[in-house]
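Breakdown of the fold
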Amino acid sequence: MSISHYIKEIGRGKDGARSLSREQAADLFGQMLDGAVTDLEVGGFCLAMRIKGETPDEMAGFLDASHARLRRIPDNTITTVVLPSYNGARKLPVLTPLLALLLARAGAAVLVHGTATEDRRVTSEAVFAALGQPARSAVGLLGPGECAFVPTEVLHPGLKRLLDVRRAVGLRNPAHSLVKLMNPCEGRALIVGSYTHPEYAVSMADTFALVGAHALLLRGTEGEPVADARRTPQMDAFRDGQRHLLQPAQEGSLAALPDLPKDISADATAAYIRGVLSGRLPVPAPIALQVAHILQEVSRPATPETNRVAAVSTP
């Protein structure tokens with residue numbers, strides 16, 4: 001099989017490229033996940049899509065292909081909180097593990113998935129390891145009050161391969177957006193999606209709406225799905241794809257800055273998280289608000305449409 005005819009359509013440059021239908025996008029992405037195409041074709045796809053950009057229909061097709069192939073977390077009959085952690089820390093400590101552990105302490109089932117996409121950033125996986133919670137080597141049931149980090153390659157090795165293309169060409173590709181939108185659970189999930197640039201806020205919202213997702217969307221800390229501890233961002237919920245404002249962005253100047261560690265290493269971040277969880281240090285207000293909004297969302301009763309979307313997404 002070959003994806004050359006698809007690359008011919010999407011690779012005509014910014015103005016001449018043609019978008020694929022949802023079905024075509026699913027076929028193309030499925031072939032790549034299955035390893036049925038050459039490295040040269042994978043590189044051509046990644047570069048062509050970087051220039052053209054993904055449409056919501058194309059991203060929905062990529063999600064269809066991924067959901068049909070992922071090794072998914074078994075249905076636990078509740079709504080699992082999904083935190084995609086792919087950006088890591090460059091300037092600020094990565095507090096995605098803190099968000100996950102606060103949610104689990106409140107009784108939520110929490111799945112954090114991710115992989116390092118840049119060598120010089122501190123990852124959630126490293127922080128979890130420093131907290132004495134190593135990554136899982138296989139998918140398994142997550143119950144209420146449990147939190148687990150699952151590497152991307154455990155969910156699907158082909159998806160990890162696409163993410164690693166960035167190390168070769170230096171540019172992101174659709175897989176970097178897809179992992180922040182996908183549902184790795186067989187049952188109901190709340191996907192906490194985050195973005196760094198305004199254009200991704202629009203494209204992610206359009207995709208959540210198209211696929212009828214249950215999700216929370218915010219501008220995260222350096223692209224991580226956790227609110228910036230210094231200033232509360234806008235937070236929106238998507239329920240069966242319908243958008244609802246949960247939290248407006250904090251306006252004006254800051255009265256005070258939280259006492260965050262200046263050392264962003266995994267060990268220093270883990271020590272800070274232990275201090276917050278023990279009550280010795282306060283939970284940053286924006287993260288406390290995010291926890292409250294997420295818990296409210298996961299406690300919402302499932303609608304018939306939510307159950308239908310979960311069933312359709314399950315292979």
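Located above this text is the structure these notes cover.
What this report covers is the structure whose coordinates are included nearby. (Residues numbered from 1 in each chain as written. Predicted model: local features only at pLDDT ≥ 70, side-chain atom pairs only at ≥ 80, totals over all residues. Heavy atoms only, no water.)

1. What to know about helix α11 (residues 198-211)
With 14 residues, α11 should cover 20 Å at 1.5 Å per step; its first-to-last C-alpha distance of 20 Å lies within 8% of that length. Along α11, the positions that sit buried rather than exposed are Y200, A201, M204, A205, T207 and F208. The arc that holds every buried residue of α11, seen down its axis, measures 165 degrees, which confines them to one face. Exposed positions of α11 whose direction lies more than 90 degrees from the buried face are P198 and V202. Downstream of α11 by a residue or two, G212 has a phi angle that is positive, lying close to 70 degrees. (Helix = DSSP H or I, 4+ residues; strand = E, 2+ residues; numbered from the N terminus. Expected span 1.5 Å × (residues − 1). Buried < 20%, exposed > 50% of the residue type's maximum accessible area, 1.4 Å probe, protein only. Arc of directions from axis to C-beta.)

2. Re the sheet that holds strand β1 (residues 80-84)
Taken in spatial order, the seven strands make up an open sheet running β3-β2-β1-β4-β5-β6-β7, and their pairing is mixed. Since the sheet does not close on itself, it has two edges, and those belong to β3 (147-151) and β7 (242-247), each with one partner. Pairwise comparison of adjacent strand axes, ignoring direction, gives a mean angle of 25 degrees for this sheet. Here β1 pairs with strand β4 (residues 189-195) via three bridges, running parallel. Residue pairing in the sheet places T80 in a bridge with A189 of β4. Contacts from α11 reach β4, β5 (215-219), β6 (235-239) and β7 within the one sheet, and its direction differs from that of β4 by about 160 degrees. (Pairing = 2+ DSSP bridges. Axes fitted to C-alpha atoms, helices over the stretch in contact; angles between N-to-C directions. Contact = heavy atoms within 4.5 Å.)

3. Re helix α12 (residues 266-277)
Across its twelve residues, α12 extends 16 Å between first and last C-alpha, which sits within 8% of the 16 Å expected from 1.5 Å per residue. Listing the buried residues of α12 in full gives A266, A268, T269, A270, Y272, I273, G275 and V276. For α12, the secondary structure elements touched by its buried residues are α6 (96-105) and α7 (124-130). Among the residues trailing α12, G279 stands out with phi positive, at a value near 90 degrees.

4. Let's talk about the side chain of E224
Looking at the secondary structure, you find E224 in the loop between β5 and β6. No salt bridge forms around the buried E224; measuring N to O, its nearest opposite-charge neighbour K180 is 6.9 Å away. A distance of 2.6 Å separates a polar atom in the side chain of E224 from a polar atom in the side chain of S85. Beyond its immediate sequence surroundings of up to four residues, E224 is in contact with S85, Y86, N87, G88, V94, T96, S124 and S194. (Lys, Arg positive; Asp, Glu negative; His and termini not counted. Salt bridge = Lys/Arg side-chain N within 4 Å of Asp/Glu carboxyl O. Polar contact = N/O pair within 3.5 Å; in protein donor to acceptor, adjacent residues only side chain to side chain.)

5. Section: the packing of aromatic side chains
Summed over all chains, the structure comprises five aromatic pairs. Both rings, one in F45 and one in F62, keep their centres 5.9 Å apart while their planes meet at 85 degrees; by these two values the pair is edge-to-face. Residue F45 is found in helix α4 (residues 39-52), and its partner F62 is found in helix α5 (residues 56-67); the two are separated by 17 residues along the sequence. According to the relative accessible area criterion, F45 is buried, its value standing at 1%. An aromatic cluster is defined as three or more aromatic residues linked by ring pairs; in this entry it consists of F29, F45 and F62. (Phe/Tyr/Trp six-rings, centres within 6.5 Å; stacked < 30°, edge-to-face > 60°.)

6. Some remarks on the pairing of β4
Along any regular strand, the residues point their side chains to alternate faces of the sheet. Most of β4 is tucked away: seven of the seven residues are buried. With burial as the criterion, each face of β4 is covered, one bearing A189, I191, G193 and Y195 and the other bearing L190, V192 and S194. Pairing between β4 and β5: five bridges, direction parallel. Bridge pairing links I191 to A215 in β5.

7. Observations regarding the packing of α5 against α11
Between α5 and α11, the least distance of the axes is 9 Å, while the angle of their chain directions is 60 degrees. On the basis of the axis angle, α5 is oblique to α11. By crossing handedness, the relation of α5 to α11 is classed as right-handed. When α5 is examined against α11, the residues P56, D57, M59, A60 and L63 are found in contact with a partner set consisting of D206, T207, L210 and V211. Of the residues in the contact of α5 with α11, the class split is six nonpolar, one polar and two charged. (Parallel < 35°, antiparallel > 145°, perpendicular 65-115°, else oblique. Left-handed = near helix turned anticlockwise from the far one by under 90°. Nonpolar A, V, L, I, M, F, W, Y, C, P; charged D, E, K, R; others polar.)

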